[in-house]
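Listed here are the chains, written in short residue letters.
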Amino acid sequence: MLAFIIRRVGQSILVLLVVGLVAFSMFNFVGDPIDNMLGQERTAEDIARLREQLGLDRPFVVQYVKFLQEAIQGNFGVSYRQGRPVTDILLERAPATLELALVSGVLAIIFGIALGVFTAIRRNGVLANFIMSASLIGVSLPTFLIGILLIYVFSVELGWLPSFGRGEVVDLGGWKTGFLTASGLKALILPSITLGLYQMTLIMRLVRSEMLEVLRQDYIRFARARGLRNRAVNFRHALKNTMVPVITVIGLQLGAIIAFAIITETVFQWPGVGLLFINAIQFVDIPVMAAYLMLISVMFVGINLLVDILYFFIDPRLRADRSGGH
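Residues numbered from 1 in each chain as written. Predicted model: local features only at pLDDT ≥ 70, side-chain atom pairs only at ≥ 80, totals over all residues. Heavy atoms only, no water.

**Here's the deal with the overall build of the protein chain**
Right, on to step 1. Helix and strand counts for the protein chain stand at 13 helices and 2 strands.
Right, on to step 2. Among the 326 residues that make up the protein chain, the fraction classed as buried is 39%.
Right, on to step 3. Put simply, 69% of the contacts in the protein chain that link residues at least 6 apart link residues at least 24 apart.
Right, on to step 4. Carbon and sulfur atoms make up 65% of the accessible area of the protein chain, which totals about 18100 Å². (Helix = DSSP H or I, 4+ residues; strand = E, 2+ residues; numbered from the N terminus. Buried < 20%, exposed > 50% of the residue type's maximum accessible area, 1.4 Å probe, protein only. Contact = heavy atoms within 4.5 Å. Areas by Shrake-Rupley, 256 points an atom, 1.4 Å probe, with all protein chains shown as cover.)

Here is the structure:
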């Protein structure tokens, strides 16, 4: 077990180094931040002085190594646009994104698993077929289009929910949350549905497919032959074995929710790190862009590592293979 964790941690570190190198290399082709930081009356001396001050006159390898050294210490430099430490800016924006991702993830997991189980058990029912047909909307329509449709219906036509912003927030010692205000909760509804709809339909269809496969197994037939109730067969035996492969996908989708929040935050002008990244691209704010991509990579790799370890404990076949190999 220890060797497995060490190997996975080593692979995760390698992935982060490669992602950091690719991201840092791409930013050299985005544009020159000097053009946005200096006015039209800039001189060659001003450009040279600012390049030296920002370290842009150094070789690429030196810039990358310095970036990694400071990133390990939690220092991502100073924003070219705001002139503030990038870490402070991310800490201000992170609560909004994390709360949005949390609500979206909970909705996607609860409704995805529940609807997946229901459509598998009642696979020939009218309601189950309707749910499967309606789920194509969440799979096929782009996220930004779903958000625009929800804004048009519930904000423009009905006027029930706000179309942008986060509403009123409460500062809890540096963490600004909208969970404690009515306007904050109302502002969460549309963006969380928009962000979690695709993940919910994906989980639902996967749970349904896996559960249908499990229900065809011999041990399920044997359990029914023993006289067990359908509830015990479906939830104690079938659902438990269904969740083994589903957990991996759920873990990856939680990371995808945070990564794809960039689109939802742009549509709803949600003040999170995704919207911050879009603004950073417009102003060629390289430290903010690099910090955002590294943050998303760490979340993806961390969730993937956690899922692998959890999968090791859930699936007894992996433990048997490990012990057999030794």
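Following the structure, the description resumes.
**Some details on the pattern of salt bridges**
Right, on to step 1. A full pass over the atoms with the stated rule returns 2 salt bridges.
Right, on to step 2. Salt-bridge contacts for Glu92 lead to Arg84; the nearest nitrogen and oxygen are separated by 2.5 Å.
Right, on to step 3. Residues Glu99 and Arg166 are paired through a salt bridge, measuring 3.0 Å at the closest nitrogen-oxygen approach. Here Arg166 lies in the loop between α7 (143-157) and β1 (170-172) and Glu99 lies in helix α5 (residues 86-121), a separation of 67 residues in the sequence. Here Glu99 and Arg166 have matching classes, each one buried. (Salt bridge = Lys/Arg side-chain N within 4 Å of Asp/Glu carboxyl O.)

**What to know about the side chain of Thr181**
Right, on to step 1. Mapped onto the secondary structure, Thr181 falls in the loop between β2 (175-177) and α8 (182-215).
Right, on to step 2. With relative accessibility at 12%, the residue Thr181 sits in the buried group.
Right, on to step 3. Within the structure, Thr181 has its side chain in polar contact with the backbone oxygen of Glu168 (distance 2.6 Å).
Right, on to step 4. In this structure, Thr181 is in contact with Glu168, Val169 and Val170, ignoring residues within four places of it in sequence. (Polar contact = N/O pair within 3.5 Å; in protein donor to acceptor, adjacent residues only side chain to side chain.)

**A closer look at the packing of aromatic side chains**
Right, on to step 1. Here the structure, examined in full by the defined rule, presents 2 aromatic pairs.
Right, on to step 2. Here the aromatic rings of Phe154 and Trp160 are separated by 6.2 Å at their centres, their planes lie at 45 degrees, and the arrangement is tilted.
Right, on to step 3. Since its relative accessible area comes to 27%, Phe154 is described here as partly exposed.
Right, on to step 4. Arranged with centres 4.5 Å apart and planes meeting at 25 degrees, the rings of Phe277 and Tyr292 form a pair that is stacked. Here Phe277 is found in helix α11 (residues 273-282), whereas its partner Tyr292 is found in helix α12 (residues 286-314), with 15 residues between them in sequence. (Phe/Tyr/Trp six-rings, centres within 6.5 Å; stacked < 30°, edge-to-face > 60°.)

**Regarding α5**
Right, on to step 1. The end-to-end C-alpha distance of α5 is 50 Å, a good match for the 52 Å that 36 residues give at a rise of 1.5 Å each.
Right, on to step 2. Along its length, α5 reaches its greatest deviation from straightness, about 35 degrees, at Arg93, and the proline Pro95 lies no more than four positions downstream. (Expected span 1.5 Å × (residues − 1). Bend = angle between axes of the 7 residues up to and from the residue.)

**A look at the packing of helix α6 (residues 126-140) against α8**
Two measures define how a pair of helices packs: the angle their axes make with one another and the distance between the axes.
Right, on to step 1. The interhelical angle for the contact between α6 and α8, taken along N-to-C directions, is 135 degrees, at an axis separation of 8 Å. In terms of orientation, α6 lies oblique with respect to α8. Pair α6 / α8 crosses with left-handed handedness. Contacts from Ile131, Met132, Ser135, Leu136, Gly138 and Val139 in α6 reach Leu197, Tyr198, Thr201, Met204, Arg205 and Arg208 in α8. (Axes fitted to C-alpha atoms, helices over the stretch in contact; angles between N-to-C directions. Parallel < 35°, antiparallel > 145°, perpendicular 65-115°, else oblique. Left-handed = near helix turned anticlockwise from the far one by under 90°.)

**A short note on the environment of Val246**
Right, on to step 1. As for its placement among the helices and strands, Val246 is situated in helix α10 (residues 230-268).
Right, on to step 2. Spatially, the C-alpha atom of Val246 lies 8.1 Å from that of Glu210, the residues being 36 residues apart in sequence.
Right, on to step 3. Residue contacts for Val246: discarding those within four places in its chain leaves Leu206, Val207 and Glu210.

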